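Observations on the model geometry
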Amino acid sequence: MAATTSTTLDDLFANIIAQARFTAEEQSLMAGLVTRFDIGSVAGKTIQVPKYPAITAAALTEGTDMTSTTVSTSSVTVTVAEVGAQVLLTDMAAFGAGNPAEELGTVLGNAIATKMDVDLIALFAGFSASIGSAGAELTGQSIFQAASVLRANKVTGMMAAVVHPYQAYAIKSALTNAFVNPAAGVVQNVAMVNNYVGNLGGVEVYQSANIAVDGSGDAIGCVFAPESMALAMKRDFNIEMQRDASMRGWELNATAAYGVGELDDSYGVKLVGDSTIP
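Residues numbered from 1 in each chain as written. Predicted model: local features only at pLDDT ≥ 70, side-chain atom pairs only at ≥ 80, totals over all residues. Heavy atoms only, no water.

With that settled, consider the sheet that holds strand β1 (residues 35–38). With mixed pairing, the four strands of this open sheet are ordered in space as β1-β10-β11-β4. Across the chains shown, the open sheet's two edge strands, defined by having one partner strand only, are β1 and β4 (81–90). The mean angle between the axes of side-by-side strands here comes to 30°, regardless of whether they run parallel or antiparallel. As paired elements, β4 and strand β11 (residues 249–262) share ten bridges and run antiparallel to each other. Looking across to β11, one finds that V87 is bridged to L252. (Pairing = 2+ DSSP bridges. Helix = DSSP H or I, 4+ residues; strand = E, 2+ residues; numbered from the N terminus. Axes fitted to C-alpha atoms, helices over the stretch in contact; angles between N-to-C directions.)

This is how it looks when you write it as structure tokens:
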């Protein structure tokens, strides 16, 4: 009698893993916007990121020795922990119609990607600088204000904004005069045609439903530089299969090991604003 075993299901498991990894990589917004440290080959569950102070150069006098400057470093400690999600693929589901490889792979990948984003987004509330207020809508001006704060703090490179979708709607509505678009400028046209606010004041604007809305209908977004936050990746997304004979199925265990932390308080500005349904 022919038997269906773990060997004959290898292709199915490979497809689940491939889809799950693809989804985890594609669905995690925040992981690509912060500073990432890959520490898989480093012993231990914590990393210390050194912070060097700025020093001042001075004019020199010919024939006169320079004076040395004392550099005192501080550090930020990021601790790694595990996250995981499990689903059960029953024998009947594996043998039946549909595409369990793609479906379960998407479910597991989304779970890990969402958890990673939620953990990084939770850091937004810790930044000292703040633009906006509870109950008030964010506008394009809010993005420009936050950008000016970061530039004043000597941020020179890339900046990103991540806001709740309802906050993004308010920004786009303000830019387009409630979508009437009287100015017909480049930014207004992008917002009207593509439903996307691309770049405002050197800030790439993104939206994420992983930002929580509080009981008063407000949410905290953020404008930040990559150096503001850290993602320490000890073990990237991984799936292990385990047979559960009494359940007549396979446990699919998705895990990742990482840590997040704020690196530089002056490189992030939180955006506080109304996030009720438009």
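Picking up after the structure, the text goes on.
What the rule picks out here adds up to five salt bridges. For E82, the salt bridge identified is with R235, shortest N-O distance 3.1 Å. With E82 in strand β4 and R235 in strand β10 (residues 229–244), this pair connects stretches of sequence that are 153 residues apart. Since its relative accessible area comes to 59%, E82 is described here as exposed. Among the ionic pairs, D91 bridges to R243, the shortest N-O distance being 2.8 Å. With D91 in helix α2 (residues 91–95) and R243 in strand β10, the pair connects residues that are 152 residues apart, well separated along the chain. On the basis of relative accessible area, D91 is assigned to the buried category, the value being 17%. (Salt bridge = Lys/Arg side-chain N within 4 Å of Asp/Glu carboxyl O. Buried < 20%, exposed > 50% of the residue type's maximum accessible area, 1.4 Å probe, protein only.)

Glancing now at the layout of surface pockets. Gaps left between atoms show up when a probe the size of a water molecule is rolled over them. In this structure, the largest pocket encloses a volume near 180 Å³. Around the largest pocket sit 13 residues that line it, and I121, I211, A212, A219 and I220 are the ones nearest its centre. Counting residues per element, the lining of the largest pocket draws most heavily on strand β9 (residues 218–224), at three residues. Split by residue class, the lining of the largest pocket holds ten nonpolar, one polar and two charged. (1 Å grid on protein atoms, 1.4 Å probe; cavity = no way out; pocket = protein on both sides within 12 Å on 5 of 7 lines; lining within 4 Å. Points joined across faces, edges and corners; volume = space filled by probe spheres on them. Nonpolar A, V, L, I, M, F, W, Y, C, P; charged D, E, K, R; others polar.)

What follows deals with unusual backbone geometry. Only a minority of non-glycine residues have a phi that is not negative, and only a minority of peptide bonds are not trans. Phi is positive for K154, which is not a glycine, with a value near 75°. According to the relative accessible area criterion, K154 is exposed, its value standing at 67%. Here the phi dihedral of R248 falls at roughly 50°; this positive angle occurs in a residue that is not glycine. Summarising the element assignment, R248 is placed in the loop between β10 and β11.

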